[in-house]
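What the coordinates show
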Amino acid sequence: MKEEAMIETRLTRAFGLDHPIVSAPMARVAGGRLAAAVSNGGGLGFIGGGYCDAGWIETEMAEAGNAPVGMGFITWKLDRSPDLLDRVLERKPRAVFLSFGDPVPYGAAVKGAGVALFCQVQTVSDARRALEAGADVIVAQGTEAGGHGARRATMTLVPEVADLLAREAPEVLLLAAGGIADGRGLAAALMLGADGVLCGTRFWASPEALVTEGQMRAVLGADGDQTVRGNVIDYARGIFDWPERFDLRTMRSGFVDAWTGRLEALQAGDAARADFARAADEGRAEVAPAVVGEGIGLIRSAPGAADILREMSAEAEALLGGGWRR
């Protein structure tokens, strides 16, 4: 039985949710188990289809079972495997989430399949392009977010996009993303004009996420000052073709510090990249750091996804009901 919604918004009504919280489609981290746990817990969970590995996507969709989950893609990567979208749409996901590229070529196919279209944006210009694509939900992502992103901050980007939508597309829903890891962030996002939030780092720190024990141990005592933006980890993973406007927020590590400013050497450094790959498999965070955002400084434990949803909603509800005065 679904719980009675504590905070009702246009998002919860549109998708039948108990909580106005969506889990981010974190590539290589948000598998079927995490997405299903979020959806079954009253939020909306996404599988991180990211780099368009068809076999991985098939496995994780099966892992999600019958839970109503969505699928996320890195859009510029989908450009190279567009048939994969059709294969996913045949499975009737709850929604498709596009980020880091032009969503317009895919909007008609997603909407034509009767699937909701989420478009993540990093600028107001991006938001206008998402409207052209027919987005049902726009996710305004601030630079505080873990993983790839750009330069605008959540606190100003979200209300700017909210104002744009109010003027030009009031039926389109808005999520805030970037640095939101507890009920304070959820309450603030609603005050900024969002209909809900997208959380990555908060769900990264959960037992359902595909995260190694070593990386989990390394970050639960960290603060947001220990994160850094850059391209080192992309190059270490052999991904050299990310669009220039996007870089990656991760934890700092000795490896990141050693290779910052030396990307061409890292691209040519087969041994260094092989060592990075082994470290990532083994959870050695001093070499392969966690891909998390500034919100990691607000996280000290890794409860289950359903507990995260309940705790965030309860805290936000208390604050919005006047608890901020105390």
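Here is a short report on the structure shown in this document. (Residues numbered from 1 in each chain as written. Predicted model: local features only at pLDDT ≥ 70, side-chain atom pairs only at ≥ 80, totals over all residues. Heavy atoms only, no water.)

**Overview of the sheet that holds strand 4 (residues 95-99)**
One open sheet accounts for 8 strands, arranged 1-9-8-6-5-4-3-2; its pairing is parallel. In this open sheet, the two strands that pair with only one neighbour each are strand 1 (21-23) and strand 2 (46-48). Here the average twist between neighbouring strands, direction ignored, is 25°. Of the strand pairs in this sheet, strand 8 (residues 173-177) and strand 9 (residues 196-199) are connected by 3 bridges, and their pairing is parallel. What sits directly across from L175, in strand 9, is G196. (Pairing = 2+ DSSP bridges. Helix = DSSP H or I, 4+ residues; strand = E, 2+ residues; numbered from the N terminus. Axes fitted to C-alpha atoms, helices over the stretch in contact; angles between N-to-C directions.)

**Examining the layout of surface pockets**
Of the pockets and cavities examined, the second largest pocket occupies roughly 200 Å³. Around the second largest pocket sit 14 residues that line it, and T154, M155, G178, G179 and I180 are the ones nearest its centre. Listed by contribution, the elements that provide at least two residues to the lining of the second largest pocket are helix 8 (154-168) and helix 9 (183-191). A per-element tally of the lining of the second largest pocket places helix 9 first, with 4 residues. Its residues placed into classes, the lining of the second largest pocket shows 7 nonpolar, 4 polar and 3 charged. (1 Å grid on protein atoms, 1.4 Å probe; cavity = no way out; pocket = protein on both sides within 12 Å on 5 of 7 lines; lining within 4 Å. Points joined across faces, edges and corners; volume = space filled by probe spheres on them. Nonpolar A, V, L, I, M, F, W, Y, C, P; charged D, E, K, R; others polar.)

**Focus on helix 9**
What helix 9 keeps buried is the set G183, G185, L186, A187, A189 and L190. Contact partners of the buried residues in helix 9: strand 1, strand 8, strand 9 and helix 16 (305-320). (Buried < 20%, exposed > 50% of the residue type's maximum accessible area, 1.4 Å probe, protein only. Contact = heavy atoms within 4.5 Å.)

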